Structures are given as structure tokens and as C-alpha cells.
Amino acid sequence: MGENSHNVVILGANGTMGIGAAVVFASAGYHVTMLARSKDKAREGLIEAQATARAEAVGDHVTLGTYEADLAKSVAKAGIIFESLAEDLALKQNYFEQVDRHRRPESVVATGSSGLSIAAMARGRSDSFRSHFLGIHLFNPPHVIVGTEVIPHDETDPTVVKAIVRALTKRMGRKVIVTKDRPAFVGNRVGFKVLNEVAQLAGEHGIAKMDYLIGPQTGRAMAPLATIDLVGWDVHKAIVDNVHAHCPDDEARACFAMPSYMEAALKRGLLGDKTPELGGFYRRIDGRLEALDPQSGGFKPFKAPEKIGFVERMKALHHVGRYRDAVHVMCEAEGTEADLVRRVTLGYVSYALNRVGEVAHSSDDVDTIMGFGFNWSPPAVLVDLMGAREALKMLGRYKLKVPPILEQAAASGKRLYSGGLQDYGRTFVG
């Protein structure tokens, strides 16, 4: 990446992911130039970055600037230009045109997009730009969550990919996978399928009940609807709409259709944690927790759902690290709620492992990004905990597409997850 490789420029440095990227690069010893529309906006980004890192020393590695005054000269000295603007293809292309005019031929240009086409963003740019362009998808908050996707397009120079992967892993301590340039890549493609499916089910079964059923005991750090509130409804919509529009042959395409009650709430400005006064699935008013009522569109005082026996047994077993026993409770439980939990959980396993070959290069890559990017139990861990033959049988029961790699595991009797046994507790997050 040349003699200026220690210089990083961030476009959109006052946004959530731009701030996070600044922390990641500055903490690794890069000199970071944070650019925004105004110096005040850039300064706000730096203050937030220092608060995020809990270290004012982050500022020692940072220069502030604006697009109008500083983009040309800062890009000309940079080894890496990291774009973290809004998920708007035309907006990104406009800034990439400016970057292309001023960048050094050997500099790497990366987008932090959470799922837009890498090839489309590079279209129309110079040969040098296209060969040095790729995606670096960080997960929020990136200074805590180390899972990272690197997404080349067909014209990205393989040596550039190798250099970026080496920098991310060796210098920045990231857990990196290289994915294919498909909508939402691997992590968001799999994760938001599940999140949106739970949101759809909440329209019938209620917010609190779905977060209770598909809670940490099913292998995730946070309940699904609370996760959407954290991510932001606008981001959620951008990701699921992108997949729904551009993956017409996806076996789970219906799971990416935004629920109508969410669309209506979005029009009223509800974005989740980004709009605390308006809320999302949840909101706090004068210290009281409320939950959205999908039927009326209004909020009601939060009422914990009635406890369900098999869920409570799973939670107790999960709490003491008996993950295999907790999964077996899920597999053997009876009733409509148990069917819901199995359908969502087995749907996750089926969908995730069927992305191998289409988006992911291997099941190890899927496991890595779901474990280290989403803080969810990797699908192969769930397969091993329930047993490959049992998993295969249940996929058939729910008419879910069977991944070839699962058929091979069932036939061979071998464990599907490639990590050591000590990894089970670390990746089955609770």
C-alpha cells in the first residue's frame, strides 16, 4: 500500500460506523483524518470516538477536516481511504468520483457499506481505483465486535485483498472472512433474515413474547427485536429491502419483506434507540418501559410474557454452561411455542449453511462471522449440539432446505464445527 499506508482518511467520520472505524484504525497506530461536512461535525465525531474508546489519547492520532477544504489534500497523502457515508449508492459514487481524482495510484479505497454492491460502487471509476477498491464491513460497535468482512469485486487486485486482510488481522486484531459480492454479504444476509422473520412473527404473537422465545437461550447475545432497536430501523430496512429486491430466487425471500406495522411506524419517525422519545419496539417514558403494539401502532406498558416451562429450563441450563442439554430441551419440547422456536432456530441453521458457495466460501467463514460479528452461536455449533442426524430430521420436519454440508456431516458422523471444544462456550454466547 506504499509509503503512506499509515495514513487513513475516513469519509463520514461523524456517523456511527465512521466513528467506530476511527477508533479501530487509530488504536492500531494509524494516523486518521476524520472528514465531515463541517469542522464542528468532525470534532463531534472525534469526541464520540474518544468517549467510545474511553481514551482521550485517540486524538493524538487524529486530524480533523471537511470535504470541501481537506478532501483533496488528505486523500493525496493516504494509504487507505475508508468511506462510511449513508447507505445511498448515488451519494457514495459522488464522493468516489472525487476520491478517484486525487488519490495516489497505490492507495486502497474501501467502503464500509453493510450490503450494497461493491461492483456497482466502483462502476465508472479509473482502472486503478477499481483494482484497489473493496468493502471492509465492520460490525457495530467495531471496537468491541472484532468480526469483519472483506468484500472484493471481480476487478479487485488479489494482492490488495491479501494486504488488507493481513493488516486487519495482524495489526488490528480482527477476525476476518473474505466474502463474495452479494447483497448484504454473509453476516447481514443471515442475521437480518432471522431478525426480520422474528419481527414478522411479532405482528401475530407480540413483541415481548417473541423476544422471550428467541432470547439468549437460543444462542445470541441479545434478543432479536431489541437488536433491531440497537441497530436502527432505518439500517434494518435498508438491508432487508436490498436483499428482497436483488435476490429474487432466495429460498427465504419472504422473510426479508418488511412487516407492514414496521413500515407504518417508520413513517412516523420510529428508529429504535436512535429516537428514544419515539422508540422502536421498546421505549422508556419517565423510567417506565413500554412495548410497541403491532396491531394498534401505539405503545403499552411492558408486560413480561407468562413463563413457559421449556424456555425456563433452557435458560437455566444455558446459564450454567450446559448448552447441549439446553438444545436438547428445545428439540424435545412440545406445543406451538416450541414449534416457533425450532422453526426460527432451524431456519437459521438451514439458511446460514446454504449460503456456502453462494456468498461464503466455507462453513468456517459462516461460523466465524456469526460468532464474532453477530455474537450468535455459529450454525455448525448448533448442529453439533443437537447432532447432525437430528438436525437433518428436523429440517425435513419443517420443510427447510437441507445444506449439502449438513448431509455430509450426517453421513460421516463427524463434527461440523471446526473450532476446538473449548470454543463452544465462547461462541454460544449468552
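Check the entry above for the structure.
Residues numbered from 1 in each chain as written. Predicted model: local features only at pLDDT ≥ 70, side-chain atom pairs only at ≥ 80, totals over all residues. Heavy atoms only, no water.

### Considerations on the overall build of the protein chain
- Across its full length, the protein chain carries 20 helices and 11 strands.
- Taking 430 residues into account, the globule formula puts the C-alpha radius of gyration at 22 Å, and the protein chain, at 22 Å, falls close to it.
- Counting contacts in the protein chain only where the partners sit at least 6 residues apart, residues at least 24 apart contribute 70% of the total.
- A total accessible area of about 18,000 Å² is found for the protein chain, and carbon and sulfur atoms account for 51% of it. (Helix = DSSP H or I, 4+ residues; strand = E, 2+ residues; numbered from the N terminus. Rg over C-alpha atoms; globule rule 2.2 N^0.38 Å. Contact = heavy atoms within 4.5 Å. Areas by Shrake-Rupley, 256 points an atom, 1.4 Å probe, with all protein chains shown as cover.)

### Some words on the pairing of strand β7 (residues 147–152)
- Where burial is concerned, most of β7 is hidden: 6 out of the 6 residues are buried.
- The alternating pattern of β7 places G147, E149 and I151 on one face and T148, V150 and P152 on the opposite face, and all of these are buried.
- With 5 bridges joining them, strand β6 (residues 133–138) and β7 adopt antiparallel strand pairing. When the bridges of β7 are listed, H137 appears paired with E149.
- Summarising the sheet, β7 and strand β8 (residues 175–178) pair through 4 bridges and their orientation is parallel. Residue pairing in the sheet places V150 in a bridge with V178 of β8.
- Following the chain from β7 across helix α7 (residues 158–171) to the adjacent parallel β8, one finds a crossover that is right-handed. (Buried < 20%, exposed > 50% of the residue type's maximum accessible area, 1.4 Å probe, protein only. Pairing = 2+ DSSP bridges. Right-handed = clockwise from strand over helix to strand, strands pointing away.)

### Let's talk about the sheet that holds strand β9 (residues 282–285)
- An order of β9-β10-β11 is seen for the 3 strands of this open sheet, with the pairing classed as antiparallel. Looking at strand neighbours, the two that pair on one side only are β9 and β11 (299–301), the edges of this open sheet. Neighbour-to-neighbour, the strand axes of the sheet open up by a mean angle of 40 degrees, direction not taken into account.
- Sheet topology note: the strand β10 (residues 288–292)/β11 ladder contains 3 bridges and is antiparallel. Across the sheet, the residue bridging to L292 is F299, located in β11. (Axes fitted to C-alpha atoms, helices over the stretch in contact; angles between N-to-C directions.)

### Some words on the nonpolar core
- With 82 residues, the main nonpolar core has L213, L225, F281, F310, Y348 and M386 as its most contacted residues.
- When residues of this core are assigned to their parent elements, the largest contribution, 10 residues, is made by helix α15 (residues 336–353).
- Grouped together as the second largest cluster of nonpolar side chains are 33 residues, A21, F25, L64 and A110 included. (Core = buried A, V, L, I, M, F, W, Y, C linked by side-chain atoms within 4.5 Å.)

### A few points about the environment of A120
- Counting through the fold element by element, A120 comes out in helix α5 (residues 118–122).
- Accessibility expressed as a relative area gives 9% for A120, which makes it buried.
- Considering only alpha carbons, one finds A120 and L89, 31 residues apart in sequence, at a separation of 8.1 Å.
- Leaving out residues up to four positions away in the same chain, A120 has contacts with L89 and Q93.

### Thoughts on the sheet that holds β6
- Read across the open sheet, the 8 strands follow the order β3-β2-β1-β4-β5-β6-β7-β8; overall the sheet is mixed. Edge positions in the open sheet fall to β3 (62–66) and β8, since each of these has one partner strand only. Pairs of neighbouring strands in the sheet enclose a mean axial angle of 25 degrees, with direction left out of account.

### Here's the deal with the side chain of T345
- Locating T345 in the fold gives a position in helix α15.
- Residue T345 is classed as buried on the basis of its relative accessible area, which comes to 2%.
- Here V341 takes part through its backbone oxygen, which lies 2.8 Å from a polar atom of the side chain of T345.
- Sequence-distant contacts of T345, that is, excluding residues within four places in its chain, are made with T218, M330 and L382. (Polar contact = N/O pair within 3.5 Å; in protein donor to acceptor, adjacent residues only side chain to side chain.)

### Quick look at the packing of helix α11 (residues 233–246) against helix α12 (residues 260–267)
- Two elements in contact, α11 and α12, have axes separated by 11 Å at closest approach and are oriented at 130 degrees. Accordingly, the angle class assigned to the pair α11 and α12 is oblique. Where α11 crosses over α12, the two elements pack in a sense that is left-handed. Residues W233, D234, H236 and K237 of α11 lie in contact with α12, whose contacting residues are M262, E263, A265 and L266.
- Across the contact of α11 with α12, the residue classes break down as 4 nonpolar, 1 polar and 3 charged. (Parallel < 35°, antiparallel > 145°, perpendicular 65-115°, else oblique. Left-handed = near helix turned anticlockwise from the far one by under 90°. Nonpolar A, V, L, I, M, F, W, Y, C, P; charged D, E, K, R; others polar.)

### Re the pairing of β3
- Of all 5 residues making up β3, 4 are buried, and the element is well covered by its neighbours.
- Across 5 bridges, strand β2 (residues 31–36) lies against β3 in parallel orientation. Residue pairing across strands places V32 opposite V62, the latter belonging to β3.
- Handedness of the β-α-β unit built from β2, helix α2 (residues 39–53) and β3 comes out right-handed.

### Focus: the pattern of salt bridges
- Under the definition given, this model contains 25 salt bridges.
- A salt bridge links K315 to E312; the shortest N-O distance between them is 3.7 Å. Of the two residues, K315 and E312 are both situated in helix α13 (residues 309–319); the distance of 3 residues between them amounts to about one turn of the helix.
- Residue E312 is classed as partly exposed on the basis of its relative accessible area of 24%.
- If you follow the salt bridges from partner to partner, you end up with R182, R189, D250, E251, R355 and E358 in one network. (Salt bridge = Lys/Arg side-chain N within 4 Å of Asp/Glu carboxyl O.)

### Quick look at unusual backbone geometry
- Note the cis peptide between N140 and P141, where omega equals -5 degrees.
- Inspection of the secondary structure puts P141 in the loop between β6 and β7.
- In this structure, F185 takes a positive phi of about 60 degrees despite not being glycine.
- Residue placement: F185 occurs in the loop between β8 and α8 (187–205).
- The exposure class of F185 is buried, given its relative accessible area of 0%.
- One non-glycine residue, N375, lies in positive phi territory at about 60 degrees.
- With relative accessibility at 30%, the residue N375 sits in the partly exposed group.

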